[in-house]
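# Secondary and tertiary structure notes
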Amino acid sequence: MLKTATIHARIDPRLKRQAETVLEKVGLSASQAINVFYRLIVSNNGLPFPVRIPNAETRKALEDIKAGRNVKTAKSPEEFYKAIGLD
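Residues numbered from 1 in each chain as written. Predicted model: local features only at pLDDT ≥ 70, side-chain atom pairs only at ≥ 80, totals over all residues. Heavy atoms only, no water.

Along its length, the protein chain carries 4 helices and 0 strands. Each helix and strand of the protein chain, ordered N terminal to C terminal, gives the series α-α-α-α. Computed over the C-alpha atoms, the radius of gyration of the protein chain is 21 Å, more than 25% above the 12 Å expected from 2.2 N^0.38 for a compact globule of 87 residues. The dimensions of the protein chain, computed from C-alpha atoms along their principal axes, are 60 × 30 × 25 Å. When burial is assessed residue by residue, the protein chain has 3% of its 87 residues classed as buried. Surface exposure of the protein chain reaches about 8700 Å², of which carbon and sulfur atoms provide 58%. Taking the average place of the 15 positive charges on the side chains of the protein chain and the average place of its 9 negative ones, the gap between the two points comes to 8 Å. (Helix = DSSP H or I, 4+ residues; strand = E, 2+ residues; numbered from the N terminus. Rg over C-alpha atoms; globule rule 2.2 N^0.38 Å. Buried < 20%, exposed > 50% of the residue type's maximum accessible area, 1.4 Å probe, protein only. Areas by Shrake-Rupley, 256 points an atom, 1.4 Å probe, with all protein chains shown as cover. Lys, Arg positive; Asp, Glu negative; His and termini not counted. Charge placed at Lys NZ, Arg CZ, Asp CG, Glu CD.)

Here is the structure:
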């Protein structure tokens, strides 16, 4: 039985450099990080984070934000909480 297997994946070079910079800071190689990711997939019996398809309300809100419609801003967290009724 093989002790290793090879994965070939195409990825944006800039994203790869950015990710490997972060991994280096935590002491992991790309191969080690992929191993961790695969172990988490197995232990979770799926992706180790939620992946959801946005519902109609969320899709509309995202479209509105991209188009600049119904966008509200706040100058501080307190102002935001007050605007949404959590003051």
